[in-house]
Every structure is written in structure tokens, then in C-alpha cells.
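Results of the structural survey
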2 protein chains.
Amino acid sequence: MRCETRLVLALDETAPRRALEVVNEVSDHVDAVKVNWPLILNAGPEIITRLSVMSDVICDFKVADIPNTDRLIVERTMELGASAVIVHGFTGEDSLRACVDAASGGEVYVVTEMSHPGGEMFTSIHAEEIAFMARQCGAHGIIAPATRPERLKDMRSKVGGGMKILSPGVGAQGGSASTAISAGADYVIVGRSIYQSANPADVAKAIREEIATL
Amino acid sequence: MRCETRLVLALDETAPRRALEVVNEVSDHVDAVKVNWPLILNAGPEIITRLSVMSDVICDFKVADIPNTDRLIVERTMELGASAVIVHGFTGEDSLRACVDAASGGEVYVVTEMSHPGGEMFTSIHAEEIAFMARQCGAHGIIAPATRPERLKDMRSKVGGGMKILSPGVGAQGGSASTAISAGADYVIVGRSIYQSANPADVAKAIREEIATL
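What you see is a predicted model; the values in this text were computed from it and never measured. Residue indices begin from 1 for each chain and proceed along its sequence in written order. For naming, the first written chain is A and the first written ligand is 1, with later ones following in the order written. With the structure being a predicted model, the display of local features is reserved for residues of pLDDT at least 70 and the display and counting of side-chain atom pairs for 80 or more, all residues being used for whole-chain, interface and lining totals. To get the side-chain values, all heavy atoms of the structure are used, and hydrogens and water are removed first.

Here's the deal with helix 4 (residues 67–79) of chain A
Residue and element names in this part refer to chain A. Quick reminder of the rule: Note on conventions: DSSP H or I runs of at least 4 residues are helices, E runs of at least 2 residues are strands, and numbering of each starts at the N terminus. Here a helix's expected span is defined as the number of its residues, less one, multiplied by 1.5 Å. Remark: exposure states derive from per-residue accessible area (1.4 Å probe, protein chains only) relative to the maximum for the residue type, with buried under 20%, exposed over 50%, and partly exposed in between.
An ideal rise of 1.5 Å per residue puts 18 Å on 13 residues; helix 4 measures up with 18 Å between its terminal C-alpha atoms. Among all positions of helix 4, only Pro67, Thr69, Asp70, Ile73, Val74, Arg76, Thr77 and Met78 are buried. Looking one or two residues beyond helix 4, the residue adopting positive phi is Gly81, at roughly 120°.

A few points about the sheet that holds strand 5 (residues 107–111) of chain B
Two strands in a sheet stick together by hydrogen bonds in their backbones, pointing the same way (parallel) or opposite ways (antiparallel). Residues and elements named next belong to chain B. Heads up, the condition is: For two strands to be treated as a pair, DSSP must find no fewer than two bridges joining them. Interaxial angle, 0 to 180 degrees, is taken between N-to-C directions of lines fitted to C-alpha atoms, where a helix line uses only the stretch in contact. Any two residues whose heavy atoms approach within 4.5 Å are treated as being in contact.
Pairing within the closed barrel is parallel, and its 8 strands lie in the order 1-2-3-4-5-6-7-8. Strand after strand, the sheet turns through a mean of 25° between neighbouring axes, direction not considered. Two elements, strand 4 (residues 84–88) and strand 5, share 5 bridges in a ladder whose sense is parallel. The residue bridging Val87 from the neighbouring strand is Val110, located in strand 5. In this fold helix 4 (residues 67–79) packs onto strand 3 (56–63), strand 4 and strand 5, with an angle of close to 165° to the strand it touches most, strand 3.

Side note on the confidence of the model for chain A
What counts is decided by this rule: You can read pLDDT as the predictor saying how much it trusts each residue, on a scale of 0 to 100.
Looking at chain A as a whole, the pLDDT averages 96, with 100% of positions reaching at least 70. Prediction confidence for the complex, expressed as pTM and ipTM, is 0.97 and 0.97 respectively.

What to know about the pairing of strand 7 (residues 164–170) of chain B
Residues and elements named next belong to chain B. The test is simple: The handedness rule is simple: strands pointing away from the viewer, and a clockwise path from the first strand over the helix to the second, make the crossover right-handed.
The buried fraction of strand 7 is high, at 5 of 7 residues. Judged from the 3 bridges that link them, strand 6 (residues 141–143) and strand 7 form a sheet pairing that is parallel. Pairing of Ile142 across the sheet is with Ile165, part of strand 7. Note on the crossover from strand 6 through helix 8 (residues 149–159) to strand 7: the handedness is right-handed.

Comments concerning the interface of chain A and chain B
What counts here: The term buried area refers to how much accessible surface (probe radius 1.4 Å) is lost by two components on association, counted for both of them together. Any carboxyl oxygen of Asp or Glu that lies within 4 Å of a side-chain nitrogen of Lys or Arg is treated as forming a salt bridge with it. Here a polar contact means two N or O atoms within 3.5 Å. Within protein one must be a hydrogen donor candidate and the other an acceptor candidate, and residues neighboring in sequence count only if both atoms are side-chain atoms.
Contact residues are listed per partner, giving 42 residues for chain A and 42 residues for chain B. It is Leu41, Phe90 and Phe122 of chain A in chain A that bury the most area against chain B; as a group they hold 24% of the surface buried on that side. The interface formed by chain A and chain B holds 2 salt bridges in total. Residues Lys62 of chain A and Asp65 of chain B are paired through a salt bridge, measuring 3.1 Å at the closest nitrogen-oxygen approach. Inspection of the region where chain A meets chain B yields 17 residue pairs in polar contact (both at pLDDT 80 or more).

Side note on the environment of Ala185 of chain A
Residue and element names in this part refer to chain A. If you trace the backbone, Ala185 turns up in the loop between helix 9 (177–182) and strand 8 (187–190). A relative accessible area of 1% places Ala185 in the buried class. For the pair Ala185 and Pro149, spaced 36 residues apart in the sequence, the C-alpha separation amounts to 9.3 Å. Among residues more than four places away in sequence, those in contact with Ala185 are Arg6, Leu152, Ile165, Ser167 and Ala180.

Concerning the pairing of strand 4 of chain B
All names here are of chain B. Taken across its 5 residues, strand 4 has 5 buried, putting it largely inside the fold. Where burial is concerned, the two faces of strand 4 agree: the one with Ala84, Ile86 and His88 and the one with Val85 and Val87 are both buried. As judged from the 3 bridges shared by strand 3 and strand 4, these two strands associate in the parallel manner. Paired with Ile58 across the bridge in strand 4 is Ala84.

Digging into the environment of Arg97 of chain B
All names here are of chain B. Take Arg97: it is sitting in helix 5 (residues 93–103). The partly exposed category is assigned to Arg97, whose relative accessible area is 34%. It is 31 Å that separates the C-alpha atoms of Arg97 and Ala177, two residues lying 80 residues apart in sequence. The contacts of Arg97, once residues within four sequence positions are left out, are Gln136 and Cys137.

Thoughts on helix 5 (residues 93–103) of chain A
All names here are of chain A. Here is the rule: It is the directions from the helix axis to the C-beta atoms whose arc is reported.
Taken as a whole, helix 5 has its buried residues at Ser95, Leu96, Ala98, Cys99, Ala102 and Ala103. On an axial view of helix 5, the arc spanned by its buried residues comes to 155°, and they lie on one face. Structurally, helix 5 contributes buried residues whose contacts are with strand 3 (56–63), helix 4, strand 4 (84–88), strand 5 (107–111) and helix 7 (127–136). One or two residues past the end of helix 5 sits Ser104, with phi positive at roughly 25°.

Right, here's the structure in full:
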């Protein structure tokens, strides 16, 4: 996945036609488009292939199964045209290694903790161990929240410069693109502010320009 | 979901035609068929609807996202014809409540821990807390491994009689149907022993009869 605009669109749009329209409009201004299961369950898995013609596609599937099932999910996701997949780390080292092996050239980003309130219950306490494990397993990068720049800085120092950090929560959720990039994110992920806008390309271009000034 | 044969088929078959054939053959001998993402990524989400004509369908999606995404996944899964969905508990109470609310009449089973080696790293230590949370949130049941009957007994005592326990690992993975049922499982989940057999219906019937003698 290129790292030029440092902007990723979270395409949390479940209507297939609208999803394709938005990506067609913004693809020049983003490095990738991130899709999730609700779109797949509405549009079918072939939407990954259709989107991949216009943009790199990150499948935010939060893969969290036993190693063999993880392997099947990641292999098929890459076959369909994805460039990267987001997987959970809490399922342990064997599951994560299965994902990294199955991606064969594609990128694997690991969720180290979740930033919604429930994420505090069982994920936050393991974030550093999972980040360390992600590095050991050869994952391409981790996910860390733009809404908590201090935590982002901390995770950057934990994983070092060799791993990419994808940072969600910019825009409607309150995080700032420039703050997240300054705190160590390689990419910021922006959703509603772009895809719910009347002019998605204009919004994406403005965020891209904000990042470029850093 | 009925609880007559107490047998669930884990349909870890990714070829759509073969998946439909197997379910057509065994549907009289199982209470439900459990499917996972690899089949959806190969056959498309409409396979859920096609299977649901022949059998109750449990979507083993290990749902593990923020509450709003979980809600969208579970709602759509139920719309497609599933009777039940399997979700993770480690994403916390708000995510789990979103799943239970979105299932509206369908059943939610919660993964409390995972039995593969990596499951020991971050999931086993939280199994009891997650089982307790599942009960508090109104989930229909939990998942507990047939390969560890002592653990199954323990989880049954933790959740009481009001929740169902679905127990994977019977057959090729080494667990015994009768041992798991005796230890407190309501349903045993059997995969390869049935769907990779030359006569899936005969194998399913034999397991069903073994359970019926208890």
C-alpha cells in the first residue's frame, strides 16, 4: 500500500452503489479504502474486487478465529483483491502467524486494543503485549486510536519505526489528522466526514492538504 | 433453534455446491448447521438464505467490532436467514449488548475463551468474566470446548441452567459427543467427521443415536 496522501477512507457505507460512487470520487486523494463486513454482507464479496480496480482495499475484518479458519479468511480476502487485512491480536500468536503467512505479500494490521468504552474491559490491558507480538510475528503494522494521541505516541515508541500505524477516529469521532500524524501515525482513517459529505472529494482533498503541510 | 438431536454440523466446507449437498443429506439429523466467513467469501452471503431453507443456520462470525459495526453485522446476518450468531465477548459489554439487541429474536452465543494454543495467551484468563457478562447481557448461550470436559462442567456451573452451551471439538479434534453432553453441553458441534465422510447422513445419524442413549 502506498503512503503518499497518508489518508485512508473508512467506507462504512452499506449501499453498494453509493460505496462505489464515493470511491470513484475520492480515489485520487486517498491511499486506500477500508471496508468492513456489513458492506460484504450487503454487496457480496465481489465488491472487494470491484473496489480494488479503483483503489487499494483494506478489509477491516477483525479476523479473530483459530489459525486454520484465519488462514482461509485471509487467503480468500487477498484472492478477491484486497491489499491489506485487519486482524485481532487477542487470539494469540498462532492465529496471528496464520494470518501473516496467508497474506503472502499483502499487509496485515493488528488491532492491539479497541477504543470504544467496552474496549477498556479486556483489550486495553493487553495492548502492549499484543503490539510486541505483532512485531515478532512479522505483521506490517498495528491500529492505534487518533482520539488518544498520547497512546498513539506510546505505541509508536513500543513498535519502533519499522511498523506502520493506521489510526482511526479522525473527523466525526473527534480525532485530528495532523495531531495523529504528529503523534506517530503513518495513515489516518476518516469515515463519515468524507463519505457522508455532499462533496467527498473536496473533504478528502482538504484533509490530504492538511497532512501535507506537516 | 430446536434442541432435539443436540447435534450441530460445523460446515467448514468452502465449495458452495458441496456445502449445499451435505446439508441436504444431513438436515434431518442435526439441529442446525454452523457456517463461517470462508464459505461466505466463496459463496456469497446468499448461501445463508439457501441453507436456511433446509436447516437452522448458526453464523459463526466471531463478531468482534465496535457496537455500531456489530449491530450492522448481526442485523444483516439475521435478515439473510440465520437463526443464531456467534460473537466474541472480549470486545466488552457495549459491543455484546449491541449484538444481543440486533439479533431481535435470533440467538447470540458468546465465545468466552478459545481452545487453540494461542487462546491461552489472552482469552482463557478472562473466560469466567466473559461468561458472567454474557449472562448479564441476555445472550442465549456460550461456547465451551468438548475437548476439555472439566472446563465444560466448570462453565456450566458458572452460567447456571438458563443458558445454552454449544460445544465444538467433537470428532476429528478428539472430543466425545457423549462426554460433552454429560459434562453439560446442550449441543455438540461436529465438523470433518461428518462433512468429509463418504456418507455424512450415516455419521450424523450415528452421533445423534449415541447422544439419544444418554
